[in-house]
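So you can see what is in the structure, the chains are spelled out below.
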Amino acid sequence: MFPPTVLSFCFRKQDRFKFTMAKVRAKHANCSVVGCTDEHKTLFRVPASEETREQWIYFIFKGTPPETVNKNLLVCGNHFKPESFRNLGQYKAGFASKLFLNEGAIPTERGKAAVKENASTYVQFADVACQTDQPTTGTQTDTVSCTDAGVGTSAVRASGPLLASCKRPHLELEEEDDISEGGSSMIVEDPHDVTHDPLHSVTLTKSTDVTIEPSSPIHKISTYIVYENCLLELFLVCPKCQRDLRPKTRTMGTFLRVEQNCPHCEFFRIWNSQPIIGFTPAGNLQLTAAVYISGASFFKLEKIFQAMQLQLYKYSTFRRLARKCIEPAIVHRWKAMQDATLEQLRQQQNVILGGDMRADSPGHSAKYGSYTMMDLRNNMIIDLQLIQSNEVGGSYCMEMEGLKRSLALLKERGVTLDSIVTDRHLQIQKFLKETRIKHYYDVWHIEKGLSKKLVLISKNKDCDILKKWLHSIKNHVYWTAASSTSGTERVAKWTSVLNHIRDVHIHENPAFPQCLHAPRTSRDKSKWLKAGTEAFCKLEKALTNKRILNDVEKMSPLHQTSSLEAFHSAIQRFAPKNVVFPFLGMLCRLYLAAMHFNENAGRPQATSPTGELLYRVNFPKSKKRQCTVKPVKVDPTHDYVDGLMDLIFEKVFEDPVPYEAEVQKIHIPDDLSAQSEKPDKIEVIAKYVSRFNQGLV
């Protein structure tokens, strides 16, 4: 017997088909696919051409047909491969009311497995008793489910609930317009009318053929900006009776649903602009992920959308999707990458690390301090610690706490340290000295502080001659660090500059007895300083004070923290200092910056088409109108974005529970105002007085 679910789905449109249904029931019994029950979508007559007709009949009867064969044999569309249809893409998108076979198409699919495979690959518009949906109570005509890829679908009117329960999380049902009143199904046509009528379908003319891969992930399908009047032109005419229609639209953020309801022929269709994953439009989720992962601001995006009249969801939706899907995915991906990096370092010996802190605002008013630990041999970020000022009693102690947490993690993972390079933070100096970890200072931090002092000295009236030596002394700092093998040698080379600027190149210190440059005669005799002058005395005092000598002795000979400073600049893309973020949001943006930096840390220098290395000429403000040359690197890549998108759509959204568990392990401190007593808002407003209207004193 012909299954009742098929009858109610394919032929329930009008009562005048009831008599025809009895005929089709008998004819369709010849369908040869085992288990082909409620998956029937479209019926095709056996063609008139003799060669193709013989192959169809041979397929229907599984071999030799009987002597007399009915002329009105029908074959279900599920027995054809997707490439057998010439308008499959248009039919899936809702722009065609029928499926049309290519000339010479032959049914080849048999068995229940074949039916399900075809249904999953190209028949996405069959939504009665969908396998992923829970059937609702009521008649069969009341049950219509939601599909994952319900774009361009149409529906038979149903009187009951149209969105059945789904396995995926329910994230969006309180937007501007609820879409729970519509479902996805198919247009019901006369099963006997299989002739091609161009008026029954809407075709899209393009200069090139567009092939839609059914297996493409939702977040990798191309998207376009479509104007409302251009889109609604496709729905102003009934595709069946060709009369004018007034389509209804429903929106949910970036999602649009168009409903066609013809009062003349009772044609009804629903078209969705996006796939619906669970109860969430895919575009809303994808846009949220793209904005968050790229480090953009939702509020700036909102202004752009308003300027272009683009539809956008509310900030509450953005935060809900970020909290449920985006942030757990970022935390999981960073932890996985960090575990792999630490495992590699554990197998190495004598790891050289660099550490530095970046505050979210200047001075002692910082709320967050992020301490970064980098492997200086390959410029890879291996750890990030975010500290809130109220955790440690003030912003000054955040850097120390960040270093302790990073070192504790490295010790727990079994990473062996050779040395660590930092700036000259006094608390860190003391701590590393007590823990007996070899500690070096970054040369740039020493040179920067010293150069500022020398510039101030050179501005004095009697010290103007020092301006001729500022650049040479700056270079001498780096040469001393790079050419020395011990702290004693570094100090000897450093103090030799006081003899050199007096044109004395033989020194009393045995660690560095004489200058290494060749003897030469200077053309400018006036540049040499004389002992006992005010300029020389002030310079000597600045270069040989106790702290400077101690710092010079501990200058890093090889590795510096310049890459850490570059990473801090990269953080600005994801967490600008003029934007306030919650603790978890700040942490996730730091993880994104680290993933971006690690992926592009080893970019090579770009070359021209002829193979020449490319350089860029700059005029930095600090150089006083002097130009500098920098190598041009190849364009950065963003593979981490694709990886996060795949993780969000394929795993996190499907089952967010294990990923949320990782987020819950993160200690989130109380807000800065948590310990403050909250007064009554009405009383505070009553006491408000403008500073320009305070009355008489």
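Heads up: the structure comes first, above all this text.
The model shown is predicted, which means the values in this text are computed figures rather than measured ones.

The rules behind these values
- Residues numbered from 1 in each chain as written.
- Predicted model: local features only at pLDDT ≥ 70, side-chain atom pairs only at ≥ 80, totals over all residues.
- Heavy atoms only, no water.
- Helix = DSSP H or I, 4+ residues; strand = E, 2+ residues; numbered from the N terminus.
- Buried < 20%, exposed > 50% of the residue type's maximum accessible area, 1.4 Å probe, protein only.
- Contact = heavy atoms within 4.5 Å.
- Areas by Shrake-Rupley, 256 points an atom, 1.4 Å probe, with all protein chains shown as cover.
- Pairing = 2+ DSSP bridges.
- Core = buried A, V, L, I, M, F, W, Y, C linked by side-chain atoms within 4.5 Å.
- Phe/Tyr/Trp six-rings, centres within 6.5 Å; stacked < 30°, edge-to-face > 60°.
- Axes fitted to C-alpha atoms, helices over the stretch in contact; angles between N-to-C directions.
- Parallel < 35°, antiparallel > 145°, perpendicular 65-115°, else oblique.
- Left-handed = near helix turned anticlockwise from the far one by under 90°.
- Nonpolar A, V, L, I, M, F, W, Y, C, P; charged D, E, K, R; others polar.
- 1 Å grid on protein atoms, 1.4 Å probe; cavity = no way out; pocket = protein on both sides within 12 Å on 5 of 7 lines; lining within 4 Å.
- Points joined across faces, edges and corners; volume = space filled by probe spheres on them.
- Salt bridge = Lys/Arg side-chain N within 4 Å of Asp/Glu carboxyl O.
- Arc of directions from axis to C-beta.
- Polar contact = N/O pair within 3.5 Å; in protein donor to acceptor, adjacent residues only side chain to side chain.
- Patch = residues over 30% accessible without salt bridge, like charges linked within 9 Å, V, L, I, M, F, W, Y side chains within 5 Å.

Draft legend 1. Molecular detail of the overall build of the protein. A tally of regular secondary structure across the protein gives 23 helices and 14 strands. For the protein, the proportion of its 697 residues judged to be buried stands at 46%. For the protein, the proportion of contacts with a sequence separation of at least 24, taken over those separated by at least 6, is 66%. Total accessible area on the protein stands at roughly 38300 Å², and carbon and sulfur atoms take up 53% of it.

Draft legend 2. How the structure looks around the pairing of strand β3 (residues 248-252). Bridge count for β3 against strand β4 (residues 255-261) is five bridges, and the pairing is antiparallel. Paired with R250 across the strands is R257, a residue of β4.

Draft legend 3. A look at the nonpolar core. Counting residues in hydrophobic clusters, the biggest one holds 60 residues, and the most contacted among them are I326, I330, I381 and I648. If you look at the next biggest cluster of nonpolar residues, it comprises 26 residues, including I446, I457, A542 and V552.

Draft legend 4. Focus on the pairing of strand β5 (residues 268-272). Across the five residues of β5, five count as buried, placing the element largely inside the fold. Burial along β5 is two-sided: the face carrying F268, I270 and N272 and the face carrying R269 and W271 are both buried. Connecting β4 to the next strand, β5, in antiparallel fashion are six residues, including E266 with a positive phi near 60°.

Draft legend 5. Quick peek at the packing of aromatic side chains. Evaluation of the coordinates by the stated rule reveals 14 aromatic pairs. Taking the centre distance of 6.2 Å and the plane angle of 70° together, the rings of F80 and F85 count as edge-to-face. As far as burial versus exposure is concerned, F80 and F85 are alike and both buried. Here Y292 and F318 contribute two aromatic rings whose centre-to-centre distance is 6.4 Å and whose plane-to-plane angle is 20°, an arrangement assigned as stacked. You can see Y292 sitting in helix α7 (residues 282-293) and its partner F318 sitting in helix α9 (residues 315-346), a full 26 residues away along the chain. Residue classification places Y292 among the buried positions, given a relative accessible area of 0%.

Draft legend 6. Structural context of the sheet that holds strand β9 (residues 368-375). The strand order β10-β9-β8-β11-β12 describes an open sheet built from five strands, whose pairing is mixed. Strand pairing shows two members of the sheet lacking a second neighbour, β10 (380-388) and β12 (439-441), which therefore form its edges. The sheet shows a mean angle of 25° between the axes of neighbouring strands, direction not considered. Examined bridge by bridge, strand β8 (residues 351-359) and β9 share seven bridges and lie antiparallel to one another. By the bridge assignment for β9, R358 is matched with S370. Against the sheet, helix α12 (residues 426-434) makes contact with β9, β11 (417-422) and β12, and its axis sits at roughly 155° relative to β12, the strand it touches most.

Draft legend 7. Seen up close, the packing of helix α13 (residues 443-458) against helix α14 (residues 470-483). Contact pair α13 / α14: the axes reach a minimum separation of 10 Å and the direction vectors enclose 160°. By the angle between their directions, the pair α13 and α14 is classed as roughly antiparallel. Between α13 and α14 lies a crossing of right-handed hand. The residues of α14 that touch α13, namely those facing V443, W444, E447, L450, S451, L454, V455 and S458, are L470, I473, K474, V477, Y478 and A481. Each residue belonging to the contact of α13 with α14 can be placed in one class, and the counts come to ten nonpolar, two polar and two charged.

Draft legend 8. Inspection of the layout of surface pockets at higher detail. In this structure, the second largest pocket occupies an estimated 1800 Å³ of space. Lining the second largest pocket are 44 residues; nearest its centre among them are W444, E447, S622, K623 and K630. Only α13, α14, α19 (562-574), α20 (583-600) and β14 (628-631) provide two or more residues apiece to the lining of the second largest pocket. In terms of residues, the lining of the second largest pocket owes the most to one element, α13, which gives ten residues. Here the lining of the second largest pocket is built from residues that sort into 16 nonpolar, 13 polar and 15 charged.

Draft legend 9. Quick look at the pattern of salt bridges. Within the structure shown, the criterion is met by 15 salt bridges. Across the pair R424 and D551 runs a salt bridge whose closest N-O atoms are separated by 2.6 Å. On the criterion of sequence distance, the pair formed by R424 in the loop between β11 and α12 and D551 in helix α18 (residues 546-553) is long-range, its members being 127 residues apart. For the pair formed by R424 and D551, the shared burial category is buried. We note a salt bridge from K538 to E534, for which the minimum N-O separation is 3.1 Å. Placement of both K538 and E534 in helix α17 (residues 534-543) is noted, with a separation of four residues, approximately one turn of the helix. With relative accessibility at 28%, the residue K538 sits in the partly exposed group. A relative accessible area of 37% places E534 in the partly exposed class.

Draft legend 10. Structural detail: the packing of α9 against α20. Look at α9 against α20: their axes get within 10 Å of each other, and the N-to-C directions meet at 45°. The orientation of α9 with respect to α20, classified from their angle, is oblique. Handedness of the crossing formed by α9 with α20: left-handed. Taking contact as the criterion, the partners of E327, I330, V331, R333, W334, K335 and M337 in α9 are, on α20, L584, G585, C588, Y591, L592, A594, M595 and N598. Looking at the contact of α9 with α20 residue by residue, the class counts come to ten nonpolar, two polar and three charged.

Draft legend 11. A look at the sheet that holds β5. Ordered by their spatial adjacency, three strands build an open sheet running β3-β4-β5, and the pairing between neighbours is antiparallel. The strands lining the two open edges of the sheet, one partner per strand, are β3 and β5. Ignoring which end each strand starts from, the neighbouring axes of this sheet average 15° apart.

Draft legend 12. How the structure looks around α18. Within the sequence span of α18, burial applies to I548, D551 and V552. Looking down the long axis of α18, one finds its buried residues gathered within 100° of arc, a one-sided arrangement. Taken together, the buried residues of α18 touch β12, α13, α14, α15 (487-495) and α17. Here α18 starts with a cap whose side-chain oxygen sits 3.1 Å from the backbone nitrogen of R547, and that cap is N545.

Draft legend 13. The side chain of S608, seen in detail. With respect to the element layout, S608 can be found in the loop between α20 and β13 (615-618). Polar contacts involving the side chain of S608 include one to the side chain of T610, which spans 3.0 Å.

Draft legend 14. Spatial organisation of a nonpolar patch on the surface. On the surface, L613, Y615, V617, F619 and V629 cluster together into a nonpolar patch covering about 550 Å² of accessible area. If you trace the backbone, V617 turns up in strand β13.

Draft legend 15. Main features of unusual backbone geometry. In this structure, E266 is a non-glycine residue whose phi angle is positive, near 60°. Examined against the element boundaries, E266 turns out to sit in the loop between β4 and β5. Despite not being glycine, D503 has its phi angle at roughly 65°, a positive value. Here D503 shows up in the loop between α16 (497-500) and α17.

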